[in-house]
Amino acid sequence: MSVTEAFARVLSRSGGSSRAPTLDTSHNIVLYLEDISVSFDGFKALNSLNLYIEAGELRCIIGPNGAGKTTMMDVITGKTRPDEGSAWFGQTIDLLRLTEPEIAKAGIGRKFQKPTVFGSHTVFENLELAMAGDKSVWKILFARLRAEQIARIEEVLETIGLKDHRQVLAGGLSHGQKQWLEIGMLLMQDPELLLVDEPVAGMTPQETEHTAELLVGLAGKRSVVVVEHDMEFVRSIARTVTVLHQGSVLAEGSMQEVQNDPKVVEVYLGD
Ligand SMILES: Nc1ncnc2c1ncn2[C@@H]1O[C@H](COP(=O)(O)OP(=O)(O)OP(=O)(O)O)[C@@H](O)[C@H]1O
Ligand SMILES: [Mg+2]
C-alpha cells in the first residue's frame, strides 16, 4: 500500500461511517440467508439454510458439532462460496458478489475463536492499529492521534472493560482479556453485524459473565450473532435462539421454546 493510499484509508475511516455501500435496513433485517447450500466432497455442510437477522438483535446459534455453524459464518464473510442460495446484507448488498475484505469493509466483523492480537503492543496500540490498518504508516503520518480518535479508542476501552489495562502489553493479558481486546479491535471498524464463534471457550466463570454483559451491551446499536456450545452462557444472553442441525434450521425461538422442543432435545440438548 502506498502512503497516499494509506492516508486515504486513514482519513476515510476516521469519520466513523466510512463504508462503501450504505447499509439499507429499511425492512429491519440486517442479514438474509436464503436456501444456502454448501457441499464438501458431496457432503452437505449447509442444506437449504434460511436465516434472517434483525437490525440490532442478539441471536444465538446452537447445534451439535458439524451442524454447519462455522460454515454459515464462512459464507456470510465470503470465506466459503455457497453452491446455491442467496446472501444479502440489508436490502441492497449482495454478499455473494463481494470479496472477504469488501464484506468486512461493508460492515461485517468476525471474531474467530483464537484471538489475533498483537502481543508486543499495548492494548491501546492494538486498538489504534485496528483503526488505522497499517501501524508503521500510521505512525509516520500522524505522530499524534486526533482528539476524536482518542475519544473513540477510550470509548471502546470502556466498552470492553480494559480501561485500566490500556498500557499493558496484549501478550500479557489473560485469555479472556485477549478475547475482549479482539472484540474491541473489531469495534474500531464500527461493524453493523458482528459474528462471534464460541466466545467463551476456555474462559473462567467470571470472564464468561463479563463476556455475556459485553455482548448484550453491543446489541441494539448493531446486530450480534453468537455461536456457542456453553448452554448456561447462551441461556444468560439469549433472546432468539436458532438451532442448526445437519446444515439447516431445526428450530428457532426463545431459549425456553427450543429447550422444550422434542426435536432439539433428541439431537442436541438431551442427555
Ligand atoms: N473445508 C472443509 N472441507 C471439508 N469439510 C468441511 C470443511 N469445513 C467444514 N467441513 C465439514 O462440514 C461440516 C460442518 O462443519 P462446521 O465446522 O460448519 O460445523 P460446526 O457446526 O461449526 O461444528 P462445531 O460445533 O464442532 O464447531 C462438518 O462435517 C465438517 O467436517
Ligand atoms: Mg464451529
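Residues numbered from 1 in each chain as written. Chains lettered and ligands numbered in written order. Predicted model: local features only at pLDDT ≥ 70, side-chain atom pairs only at ≥ 80, totals over all residues.

Looking at an unreviewed UniProt entry, one finds the protein chain named Urea transport system ATP-binding protein and attributed to Solimonas aquatica.

**Topic: the site of ligand 1**
Contacts to ligand 1 come from Phe40, Ala45, Gly63, Asn65, Gly66, Ala67, Gly68, Lys69, Thr70 and Thr71. Taken together, the residues that form the shell around ligand 1 break down as three nonpolar, six polar and one charged. (Near = placed C-beta within 6 Å. Nonpolar A, V, L, I, M, F, W, Y, C, P; charged D, E, K, R; others polar.)

**Section: the packing of helix H6 (residues 147-160) against helix H7 (residues 175-187)**
Put simply, H6 and H7 touch, their axes get as near as 9 Å, and they point 145° apart. The interaxial crossing formed by H6 with H7 has right-handed handedness. Note on element contacts: H7 touches H6 through Trp180, Leu181, Ile183, Gly184 and Leu187, opposite Val156, Thr159 and Ile160. Of the residues belonging to the contact of H6 with H7, the class tally is six nonpolar, two polar and no charged. (Axes fitted to C-alpha atoms, helices over the stretch in contact; angles between N-to-C directions. Helix = DSSP H or I, 4+ residues; strand = E, 2+ residues; numbered from the N terminus. Left-handed = near helix turned anticlockwise from the far one by under 90°. Contact = placed C-beta atoms within 7 Å.)

**As for the sheet that holds strand S5 (residues 93-94)**
Taken together, four strands build an open sheet; the order of strands is S2-S1-S4-S5 and the sheet is antiparallel. Of all strands in the sheet, those with a lone pairing partner are strand S2 (43-54) and S5, marking the two edges. Where strand S1 (residues 29-40) and S2 come together, eight bridges link them in antiparallel fashion. Residue pairing across strands places Tyr32 opposite Tyr52, the latter belonging to S2. The strands touched by helix H2 (residues 69-76) within the sheet are S1, S2 and strand S4 (84-89), with S2 carrying the most contacts at an inclination of about 65°. (Pairing = 2+ DSSP bridges.)

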